[in-house]
Amino acid sequence: MTARHEEIADELRRAIDREEYTVGSRLPSETELAAHYGVSRGTVRQAVAALTTEGLIGSRQGARRVVLASRRSQSFEELRSFAQWARAMGRKATGHVVAQECRPAADEDAVRLQLRPGTPVLHVLRVRGLDGEPVLLERTVYADWIAPAVEAIEPDCPSVTQRLFEDTGLVFAYGEHVIDAVAAGAQDAELLGIRRTSPLLRVRRVTTTREGRPVEWSDDRYRSDAVSFSVRNSIGSNALARKTADEGTTAGRPDGSAVSPSGPRELRRGSTAP
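Now for a quick tour of the structure. Note that the structure is a prediction, hence the values are computed from the model and not measured.

## Observations regarding the side chain of His 123
Checked against the element boundaries, His 123 lands in strand β4 (residues 120-130). His 123 sits in the buried class, given a relative accessible area of 16%. Here Asp 109 takes part through its side chain, which lies 3.4 Å from a polar atom of the side chain of His 123. Excluding residues that lie within four positions of it along the chain, His 123 makes contacts with Ala 99, Gln 100, Glu 101, Arg 103, Asp 109, Thr 140 and Val 141.

Put into C-alpha cells, the structure is as follows:
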C-alpha cells in the first residue's frame, strides 16, 4: 500500500504539471495543505520534502515554498537509457540493430575509450523508436572488454542498459553529454524517415563505470520534431532532462548553474513540432 505522504506528493506533482501551481508561484502553507488533504503537518512535510529533493520546489527558511520547475528532473539512469526514459514517459521503446561490426579502434575511439589505437572495438548502428515511430539513431562504439556481452544481445532488445546489467552486472555510473545540431545526411534521412538536411539534435556522450573506466562512446541523433532537451537551473537536481517535442524544445550542457530569484531559467535552441 502506498504511504499517504507519497500519494500527496504525487498529487502535488500532477498539480504542478497541470500548472495549477505555476513556476515562480508559492505553494499553500503546510497548515493549508494539511487541512486540504486531511492529514497532519508532518505528513505534508514528508510529501513536500520529496518534491524539494527532485528540484520541483524550493524555499528559504521562514518563507513559503516556491515552484521551481514544472517537470521532474531525470535521474542519470533514465537519461542514459532510452528505454527507461520512454517507460517513465508512459511510452513504448523499440530498438533495432541496423549494422554491427568489430574493427580496430581509430584515433578518436582510442582517445574517448582510453584504449590503444588498433584495439578491437565494437561499432553498432541502432535505430530507436517511441511507440513504433523512429526518433533516434545511435552510433555507439563499445570498449573491447564489454563488446562480447553486447554482441550476444538480440538485435531488437529494447534496453541494452538493462540487459548488460542483468548479464554482467555492469552499471553505467557517469557520463558527459555534449549537445549540438546537425543536418541529416542520406543515411540519417533514410533510417529516420525524414528529408535529407532536416535538423537533428546530436548528443555525443561518453559513459563510464563507477571506477571511471569508459564503457562506450556514442553519437546519438534525435529527430528534432520528436525529442528535445532542457536545462533547468535548480540546486540539488540534475540539470539536463530529455523531453518529448510537445513539452518544448531546449538544449544546453549540464553545468549545474544556480537558480535565479525569479525561478528556473532555460536555454532555448531549436524548433518545436507543430
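## Re the sheet that holds strand β7 (residues 199-208)
With antiparallel pairing, the six strands of this open sheet are ordered in space as β3-β4-β5-β8-β7-β6. Each edge of the open sheet is held by one strand with a lone partner, namely β3 (93-104) and β6 (174-183). Recorded for the sheet is a direction-independent mean angle of 15° between the axes of neighbouring strands. As defined by bridge partners, β4 adjoins strand β5 (residues 133-142) across nine bridges and the pair is classed as antiparallel. Bridging across to β5, Leu 122 finds its partner in Tyr 142.

Cut-offs and rules
Residues numbered from 1 in each chain as written. Predicted model: local features only at pLDDT ≥ 70, side-chain atom pairs only at ≥ 80, totals over all residues. Heavy atoms only, no water. Helix = DSSP H or I, 4+ residues; strand = E, 2+ residues; numbered from the N terminus. Buried < 20%, exposed > 50% of the residue type's maximum accessible area, 1.4 Å probe, protein only. Polar contact = N/O pair within 3.5 Å; in protein donor to acceptor, adjacent residues only side chain to side chain. Contact = heavy atoms within 4.5 Å. Pairing = 2+ DSSP bridges. Axes fitted to C-alpha atoms, helices over the stretch in contact; angles between N-to-C directions.

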